[in-house]
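Breakdown of the fold
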Amino acid sequence: MSSIGKMMVLAGGIIMLLGLVFWFGDRWPIKPGQLPGDFRWQGKNWSVHFPLATSILLSLLLSVVLWLVNRK
């Protein structure tokens, strides 16, 4: 039962962090998708958005979170 409790606390913490991100997200000076490494090309009738820096940042954050969860 203790593993279920730990997972519920972890899920609650993640939901709380996501809530804070959505609550204060519009006040942050740097927004995801608009980082210096995100590329955008626009033409007359088309546009392409490639969020490279945002993808790398999210990958690093998720790696740290999963490392913290899986360490013993």
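Throughout this description, residue numbers start from 1 for each chain and increase along the sequence as written. At least 70 in pLDDT is required for a residue's local features to be given in this predicted model, at least 80 for side-chain atom pairs to be given and counted, and no such filter applies to totals for whole chains, interfaces and linings, which use all residues. The side-chain values count all of the structure's non-hydrogen atoms but skip hydrogen atoms and water molecules.

Where helices and strands are cited, they refer to DSSP runs of H or I of at least four residues and of E of at least two residues respectively, numbered from the N terminus. Assigned secondary structure in the protein consists of 2 helices and 2 strands. Scanning the protein from its N terminus toward the C terminus, one meets helices and strands in the order α-β-β-α. Residue exposure (1.4 Å probe, protein chains only): buried if accessible area is under 20% of the type maximum, exposed if over 50%, otherwise partly exposed. By the burial criterion, 7% of the 72 residues in the protein qualify as buried. Values of accessible area rely on a 1.4 Å probe in the Shrake-Rupley scheme; residue burial ignores everything except the protein chains shown. Accessible area of the protein: about 6,700 Å², with a carbon and sulfur share of 72%.

On to the environment of Ser 47, then. Relative to the helices and strands, Ser 47 is located in strand β2 (residues 47–51). Among the residues examined, Ser 47 registers a relative accessible area of 53% and is labelled exposed. In what follows, a contact means two residues having at least one pair of non-hydrogen atoms within 4.5 Å. Excluding residues within four positions of it along the chain, Ser 47 makes contact with Trp 41 and Gln 42.

Attention now moves to the pairing of strand β1 (residues 38–42). DSSP-based pairing: two strands are paired if at least 2 bridges between them are found. Across 5 bridges, the pairing between β1 and β2 is antiparallel. Note that in β2 the partner of Phe 39 across the bridge is Phe 50.

Pairing of aromatic side chains here covers Phe, Tyr and the six-membered ring of Trp, requires ring centres within 6.5 Å, and sorts the geometry by plane angle: under 30 degrees stacked, over 60 edge-to-face, intermediate tilted. Applying the stated rule across the entire model yields 1 aromatic pair. Ring plane angle 15° and centroid distance 6.0 Å describe the contact between Phe 39 and Trp 41, whose orientation is recorded as stacked. Given the relative accessible area of 37%, Phe 39 is considered partly exposed.

Functional significance is not addressed by these values, which are geometric in nature.
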